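# Structural overview for review
So the chains spell out like this:
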Amino acid sequence: GTVGAAAAAAADGRGRPPDTHIVVTDQGNGRVQLFERDGKFVRTVSRDGSEPGCLKEPTGVAVTRSGLIVVADYQNHRVQLFDIAGNLVRAFGRRGSGGGGVFHPPRPAI
């Protein structure tokens with residue numbers, strides 16, 4: 001539940017309290033963390049690394065209406081989507097400026 005360097009936060013907005021979580025990118029620790037509205041730690045989503053489902057300096061986060069957590073995976077040059085339980089749903093992007101290239105994505109917008 002300790003955040004090393006928070007880069008961004010978003011509310012999941014899927015429902016009414018207590019179902020709403022605060023989603024925080026922990027850039028310094030390469031992870032995303034979920035908290036209840038009162039600040040109580042819920043779970044960690046992902047871990048530091050380069051494999052699919054892992055993050056390197058996540059800089060931004062947004063949550064879709066369906067509850068998917070969209071993370072800008074800055075140093076891995078991709079965007080990753082997780083479900084609320086922390087399971088990887090999809091990842092896309094790669095380093096580059098051509099088609100499909102994502103160079104240091106800063107923040108997703110929904």
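Residues numbered from 1 in each chain as written. Predicted model: local features only at pLDDT ≥ 70, side-chain atom pairs only at ≥ 80, totals over all residues. Heavy atoms only, no water.

## Digging into the environment of arginine 43
Counting through the fold element by element, arginine 43 comes out in strand β4 (residues 41–45). You can call arginine 43 partly exposed: its relative accessible area is 28%. Arginine 43 sits 42 residues away from alanine 85 along the chain, and the two C-alpha atoms are 8.3 Å apart. Sequence-distant contacts of arginine 43, defined by excluding residues within four places in its chain, comprise Val32, Gln33, Leu34, Ile84 and Ala85. Polar contacts involving the side chain of arginine 43 include one to the main-chain carbonyl oxygen of isoleucine 84, which spans 2.8 Å. (Helix = DSSP H or I, 4+ residues; strand = E, 2+ residues; numbered from the N terminus. Buried < 20%, exposed > 50% of the residue type's maximum accessible area, 1.4 Å probe, protein only. Contact = heavy atoms within 4.5 Å. Polar contact = N/O pair within 3.5 Å; in protein donor to acceptor, adjacent residues only side chain to side chain.)

## Focus: the pattern of salt bridges
Enumeration according to the criterion identifies four salt bridges in this entry. In this structure, the salt-bridge partner of arginine 47 is glutamate 51, at a minimum N-O distance of 3.7 Å. We note a salt bridge from aspartate 48 to lysine 56, for which the minimum N-O separation is 3.3 Å. Given the relative accessible area of 39%, aspartate 48 is considered partly exposed. (Salt bridge = Lys/Arg side-chain N within 4 Å of Asp/Glu carboxyl O.)

## Side note on the packing of aromatic side chains
What the rule picks out here adds up to one aromatic pair. Both rings, one in phenylalanine 35 and one in phenylalanine 41, keep their centres 5.9 Å apart while their planes meet at 70°; by these two values the pair is edge-to-face. On the accessibility criterion, phenylalanine 35 (10% relative accessible area) is buried. (Phe/Tyr/Trp six-rings, centres within 6.5 Å; stacked < 30°, edge-to-face > 60°.)

## Observations concerning the sheet that holds strand β7 (residues 78–82)
Reading across the sheet, the four strands line up as β5-β6-β7-β8 and stay open at both edges, with antiparallel pairing between neighbours. With one partner strand each, in any of the chains shown, β5 (58–63) and β8 (88–92) form the two edges of the open sheet. Shown here is a sheet whose adjacent strand axes are inclined to one another by a mean of 20°, direction ignored. Bridge count for strand β6 (residues 69–73) against β7 is five bridges, and the pairing is antiparallel. Pairing of aspartate 73 across the sheet is with arginine 78, part of β7. (Pairing = 2+ DSSP bridges. Axes fitted to C-alpha atoms, helices over the stretch in contact; angles between N-to-C directions.)

## Digging into the pairing of strand β3 (residues 31–36)
Judged from the six bridges that link them, strand β2 (residues 21–26) and β3 form a sheet pairing that is antiparallel. In the sheet register, valine 24 faces β3, and the bridge partner there is glutamine 33. In sequence, β2 turns back onto β3 through a hairpin of four residues, with glycine 30 there showing a positive phi of about 60°. Pairing between β3 and β4: four bridges, direction antiparallel. Among the inter-strand pairings, phenylalanine 35 is bridged to a residue of β4, identified as phenylalanine 41. The turn joining β3 and β4, which pair antiparallel and follow one another in sequence, is formed by four residues; a positive phi near 95° is taken by glycine 39.

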